[in-house]
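So you can see what is in the structure, the chains are spelled out below.
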Amino acid sequence: NLGKSGLRVSCLGLGTWVTFGGQISDEVAERLMTIAYESGVNLFDTAEVYAAGKAEVILGSIIKKKGWRRSSLVITTKLYWGGKAETERGLSRKHIIEEIVRAMTHVINQGMAMYWGTSRWSAMEIMEAYSVARQFNMIPPVCEQAEYHLFQREKVEVQLPELYHKIGVGAMTWSPLACGIISGKYGNGVPESSRASLKCYQWLKERIVSEEGRKQQNKLKDLCPIAERLGCTLPQLAVAWCLRNEGVSSVLLGSSTPEQLIENLGAIQAIVLPKMTTHVVNEIDNILRNKPYSKKDYRS
């Protein structure tokens with residue numbers, strides 16, 4: 001279930017950021033969606049800003065072409081960076097009808113969506129939205145989309161579990177491979193065909209070649225023996241590690257090739273996820289040395 005809502009989602013979903021309408025052709029996008037769908041994935045994520053709206057169009061056209069029942073799929077999209085005009089971006093009344101919670105309630109009541117959630121909101125903002133919804137008899141958010149991977153843990157492991165237990169908000173996480181950093185392909189620099197080689201991803205290249213980036217690559221090398229012992233690849237280990245967190249409803253995958261997607265989907269196979277025991281997780285923590293501590297940990 002997505003949080004404590006009644007919406008059932010696959011534990012792995014397919015994201016379209018960077019890839020659909022940009023890094024890959026429409027044919028490859030169709031192949032990726034087909035592989036995901038035939039593997040049991042029912043969750044596909046996009047946003048109005050991805051490829052200037054092209055990603056949403058491509059996603060919709062593939063579903064129509066394939067003849068998949070729309071009711072069997074969960075399509076998530078995001079609003080904010082709409083157009084260039086002031087009235088076409090942000091979460092103002094003109095952009096999505098009313099103030100945020102009222103607007104989302106209206107969208108759901110009109111049948112345009114079934115649920116709504118947040119993306120990159122703070123725990124305080126999510127709680128405020130929930131309180132407003134309850135106060136004015138409106139519909140509260142059911143999930144938060146948050147970045148979560150081996151090197152980004154604080155929000156999903158400390159802040160969101162409290163929201164899940166208090167108000168039922170689930171976590172839909174993205175970038176399990178840290179924009180490809182955890183894939184291992186940047187161990188010896190930045191390959192020409194990689195995301196970090198793209199002009200608009202100069203920030204990613206800078207992150208990879210920084211001192212912190214080199215430290216992360218060394219930690220990844222130390223994780224490789226664990227992956228080998230479990231009989232999986234490093235990306236599969238990283239995705240399974242995200243899924244081992246009970247507060248995570250679904251992990252969004254971003255792939256530019258069918259081979260990448262098939263590999264990442266393999267994280268839920270019997271040889272990987274069930275082996276993510278407490279002992280293995282502790283081994284990983286000892287290498288990463290970045291486990292965040294909650295108030296509960298301090299009290300104990």
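Throughout, a residue's number is its position along its own chain's written sequence, starting from 1. Selection of residues for local features in this predicted model requires a pLDDT of at least 70, selection of side-chain atom pairs for listing and counting requires 80 or more, and totals for whole chains, interfaces and linings are taken over all residues. Excluded from the side-chain calculation are hydrogens and water; included are all heavy atoms of the structure.

Under an unreviewed UniProt entry, the name given to the chain is NADP-dependent oxidoreductase domain-containing protein, and the source organism is Equus asinus. UniProt positions are given in the numbering used here, feature names are shortened, and annotations may be inferred rather than shown by experiment. The Subcellular location (unreviewed entry) comment attached to the chain in UniProt states, word for word, "Cytoplasm". Check the Sequence similarities (unreviewed entry) section of the UniProt entry for the chain; it says "Belongs to the shaker potassium channel beta subunit family."

Secondary structure follows DSSP: runs of H or I at least 4 residues long count as helices, runs of E at least 2 residues long count as strands, and numbering of each begins at the N terminus. For Tyr 115, the position within the fold is in the loop between helix 5 (100-109) and strand 4 (118-119). When the C-alpha positions of Tyr 115 and Ser 249 are compared, they lie 15 Å apart, and in sequence the two are 134 residues distant.

A few words on the packing of aromatic side chains. The description of two aromatic rings rests on the distance between their centres and on the angle between their planes. Aromatic contacts are taken between Phe, Tyr and Trp rings whose centres are within 6.5 Å, Trp giving its six-membered ring; a plane angle under 30 degrees counts as stacked, one over 60 as edge-to-face, and the others as tilted. Tallied over the entire structure, the rule returns 4 aromatic pairs. Residues Trp 17 and Trp 174 carry aromatic rings whose centres are separated by 6.4 Å and whose planes lie at 80 degrees to one another, so their mutual orientation is edge-to-face. Note that Trp 17 is positioned in the loop between strand 1 (12-15) and helix 1 (19-23) and Trp 174 in strand 6 (residues 170-174), a separation of 157 residues in sequence. Trp 17 gets classed as partly exposed once you look at its relative accessible area, which sits at 30%. Look at Trp 116 and Trp 121: their rings are 6.4 Å apart centre to centre, the planes differ by 70 degrees, and that puts the pair in the edge-to-face class. A 1.4 Å probe rolled over the protein chains alone gives each residue an accessible area, and that area as a share of the maximum for its type sets the label: buried under 20%, exposed over 50%, partly exposed in between. Judged by relative accessible area, which is 5%, Trp 116 ranks as buried. In our convention, an over-ring charge means Lys NZ or Arg CZ found within 6 Å of a ring centre and within 35 degrees of that ring's normal. In this structure, Lys 4 is placed above the aromatic ring of Tyr 164, and the distance from its NZ or CZ to the ring centre is 5.0 Å. One cation-aromatic arrangement involves Arg 244 over Trp 241; the distance from NZ or CZ to the ring centre is 4.3 Å.

With that settled, the discussion passes to unusual backbone geometry. One non-glycine residue, Ala 51, lies in the positive phi region at around 55 degrees. As for its position among the elements, Ala 51 is in the loop between strand 2 (43-45) and helix 3 (54-66). Positive phi, close to 60 degrees, is recorded for Ser 175, a residue that is not glycine. Tracing the backbone through its elements, the reader meets Ser 175 in the loop between strand 6 and helix 8 (202-209). Ser 175 sits in the buried class, given a relative accessible area of 12%.

Another aspect to go through is the pattern of salt bridges. Salt bridge, as used here: a side-chain nitrogen of Lys or Arg that lies within 4 Å of a carboxyl oxygen of Asp or Glu. One pass over the structure, following the stated rule, counts 10 salt bridges. The shortest N-O distance in the salt bridge between Lys 215 and Glu 211 comes to 3.9 Å. Taken together, the positions of Lys 215 and Glu 211, both in helix 9 (residues 211-230) and 4 residues apart, correspond to about one turn of that helix.

Moving on, we come to the side chain of Asn 264. On the secondary structure map, Asn 264 appears in helix 11 (residues 258-265). A residue is classified by how much of its surface remains accessible, and Asn 264, at 5% relative accessible area, is buried. In what follows, residue pairs with any heavy atoms lying within 4.5 Å of each other are defined as contacts. Asn 264 has contacts with Leu 12, Leu 177, Pro 235, Val 239, Leu 253 and Ser 255, leaving out every residue within four places of it along the chain.

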